[in-house]
Amino acid sequence: MGRQRWVDVARVVAGKLAADAVERERAGAEPLAEVALLRESGLLTLLVPADRGGHGEDWDTAHAVLAEIAAADASVGHLLGYHYLHVWRTTLFANPDLTERLDRDTAEHGWFWAGVANPRDDALVLSDVDGGFLVNGRKFFATGASVADRLVVSGALGDRKLTFTLDARAPGIRYLGDWDNLGQRLSASGGVEFTDVHVPAADVLGVQPAPGDPLAQRDSLAPLGFQLVLSRVLAAIGRGALVEAARYTRETSRAWPASGVDRAVDDPHVLAGYGSLLSRLEAADLLVDAATTAFTDAAARGEAFTADERGRTSIRISHAKVVTSELAVEITSKVFEFTGARATAARHGVDRFWRNARTLTLHDPTVYKAAEVGRHLLTGEFPAQSGYS
């Protein structure tokens, strides 16, 4: 179908999302209709190989799509980005038959995927039973899980970490519906509780490789993929804020009396302000593009992927995360200086961009990403592998 064609599809979806974004956020319903819209558009099967019923596109196309969707609705962009990652994550395990089955089922049924693996909570606990395992425990948040069709989940079996898939409606799974945060209000990021949920052995993707295992570096790409998606969403939030604020300035803003001009669009302060923010955002997008290329190249290395290559990829993505995090918060706050006091009226919803950016940038504090980059500059040390780096 081609990248531009999918970008065009994404723009149509984004237009529908933008049309009632303020009202949908205010209603705060579970994003079932939004996921249905993604499903109907064909975007959910973008990364599924063509010979398995999907569209066979690459990460560059996925990120181009995410940029459009997240600019219109950051919550939906967040959901879609994580969906792509969970579909892709199944390829990191030495279980090609299961991956193929899941790909084919995703393409056939239009499954929406989410994950349950918040690294800051206690691990879910697995126990052996005939034919598989039982999983018990609770996670504080799990973006998209409550509206998903299928889940990628990790849990501890003794001293081993297993990753497996589950039907999101399996008996024993309870969605807590407790996501009530400042931003990302439609990201379905509430907690989830597991009580004796059965995991068939056939649905286990694999065991987390031990350090030194040839597969360990490839497996460690997953956290970098999440950081990259968040960087893309943050850049898109900045763009969405600029587009909305610029429209308001053109159509509604009044020139300040001291400006000496009759129209806000002729105010040199406003012109320079928008110009500076947009120029820096264009640079940030190029930085995320470069990080996406680095991530794609890393994923293609497979078992040959080395610790040194992993470190360089991590730093490249940290560059993007630092810049987009700082810029998204700045843009979404500063645009109010160019729109004026009336733009703060709740009916306009311009504040949603700042609330979304502020919420996402607290997911893992930007200062620690900046410290990783600085440490590498000063000492040559790469970031330690973790659930966030």
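Structure: above.
Here's what I pulled together on the structure shown here.

Definitions and limits used
- Along each chain, the written sequence defines residue order, and numbers are assigned to residues from 1.
- Residues qualify for local features only when their pLDDT is at least 70, as the model is predicted, and side-chain atom pairs are given and counted only at 80 or more; totals for whole chains, interfaces and linings, by contrast, use all residues.
- Remark: hydrogens and water are excluded; side-chain values derive from all non-hydrogen atoms of the structure.
- By convention, a stacked pair of Phe, Tyr or Trp rings (six-membered ring in the case of Trp) has centres within 6.5 Å and planes under 30 degrees apart, an edge-to-face pair has planes over 60 apart, and any other such pair is tilted.
- Where helices and strands are cited, they refer to DSSP runs of H or I of at least four residues and of E of at least two residues respectively, numbered from the N terminus.
- The rule is simple: take the accessible area with a 1.4 Å probe, protein chains only, and divide by the maximum for that residue type; under 20% is buried, over 50% is exposed, in between is partly exposed.
- Consider the ring centre and the ring normal. A charge sits over the ring if Lys NZ or Arg CZ is within 6 Å of that centre and within 35 degrees of that normal.
- For every element, the axis is a line fit to its C-alpha atoms; helices are fit only across the contacting stretch, and the angle between N-to-C directions ranges from 0 to 180 degrees.
- The labels follow the angle: roughly parallel below 35 degrees, roughly antiparallel above 145, roughly perpendicular from 65 to 115, and oblique for the rest.
- Crossing chirality is assigned from the near helix's rotation relative to the far helix, an anticlockwise turn below a right angle marking it left-handed and a clockwise turn marking it right-handed.
- A contact between two residues is defined here by any heavy atoms of the two lying within 4.5 Å.
- Polarity classes work like this: nonpolar for Ala, Val, Leu, Ile, Met, Phe, Trp, Tyr, Cys and Pro, charged for Asp, Glu, Lys and Arg, and polar for all others, with Gly in that last group.
- One less than the residue count of a helix, multiplied by 1.5 Å, gives the span that helix is expected to have.
- The reported arc concerns the directions from the helix axis to the C-beta atoms and nothing else.
- Pairs of strands are assigned from DSSP output, requiring at least two bridges between the strands.

## With respect to the packing of aromatic side chains
And then number 1: Tallied over the full model, the rule gives seven aromatic pairs.
And then number 2: Arranged with centres 4.9 Å apart and planes meeting at 85 degrees, the rings of Tyr82 and Phe226 form a pair that is edge-to-face. Of the two residues, Tyr82 sits in helix α5 (residues 74–89) while Phe226 sits in helix α8 (residues 221–251), which places them 144 residues apart along the sequence.
And then number 3: Residue classification places Tyr82 among the buried positions, given a relative accessible area of 9%.
And then number 4: On the accessibility criterion, Phe226 (15% relative accessible area) is buried.
And then number 5: Aromatic ring contacts, followed pair by pair, group Trp59, Trp88 and Phe295 into a single cluster.
And then number 6: Above the face of the Trp111 ring, Arg150 is positioned so that its terminal group lies 3.9 Å from the ring centre.

## Digging into the packing of helix α1 (residues 3–19) against helix α4 (residues 59–72)
And then number 1: Their axes nearest at 8 Å, the elements α1 and α4 cross at an angle of 15 degrees. Classified by the interaxial angle, the pair formed by α1 and α4 is roughly parallel. For the pair α1 and α4, the crossing hand works out as right-handed. Contact with α1, carried on its side by Arg3, Trp6, Val7, Ala10, Arg11, Val13, Ala14, Leu17 and Ala18, involves Asp60, Thr61, Ala64, Val65, Glu68, Ile69 and Ala72 of α4 and no other residues of that element.
And then number 2: Of the residues in the contact of α1 with α4, the class split is eleven nonpolar, one polar and four charged.

## So, the packing of α5 against α8
When two helices pack together, their arrangement is given by the angle between their axes and by how far apart the axes lie.
And then number 1: α8 packs onto α5 with a crossing angle of 160 degrees between their chain directions and a minimal axis gap of 10 Å. Relative to α8, α5 is oriented roughly antiparallel. For the pair α5 and α8, the sense of crossing is right-handed. When α5 is examined against α8, the residues Ala74, Gly77, His78, Gly81, Tyr82, Leu85, His86, Trp88 and Arg89 are found in contact with a partner set consisting of Leu221, Ala222, Gly225, Phe226, Val229, Leu230, Val233 and Ile237.
And then number 2: When grouped by side-chain class, the residues that make up the contact of α5 with α8 number eleven nonpolar, five polar and one charged.

## A few points about the environment of Pro31
And then number 1: Looking at the secondary structure, you find Pro31 in the loop between α2 (21–27) and α3 (32–41).
And then number 2: With 115 residues separating them along the chain, Pro31 and Ser146 place their C-alpha atoms 9.3 Å apart.
And then number 3: When residues no more than four places from it in sequence are discounted, the contact partners of Pro31 are Leu79, Val147, Leu186 and Ala188.

## Here we look at helix α13 (residues 366–379)
And then number 1: The first and last C-alpha atoms of α13 sit 20 Å apart over 14 residues, in line with the 20 Å expected at 1.5 Å per residue.
And then number 2: Regarding α13, the residues found buried are Thr366, Lys369 and Glu372. Here the buried residues of α13 occupy an arc of 120 degrees about the axis, which is enough to place them on one side. Facing away from the buried side of α13 by more than 90 degrees, the exposed set consists of Val367, Tyr368, Leu378 and Thr379.

## Considering the pairing of strand β3 (residues 132–139)
And then number 1: With five bridges connecting them, strand β2 (residues 124–129) and β3 associate as antiparallel partners. Across the sheet, Ser127 pairs through a bridge with Leu134, a residue of β3.
And then number 2: Turn length for the β2-β3 hairpin, with the two strands adjacent in sequence and antiparallel, is two residues, and the turn residue Gly131 shows positive phi of about 85 degrees.
And then number 3: With seven bridges connecting them, β3 and strand β7 (residues 192–200) associate as antiparallel partners. Among the inter-strand pairings, Val135 is bridged to a residue of β7, identified as Val197.

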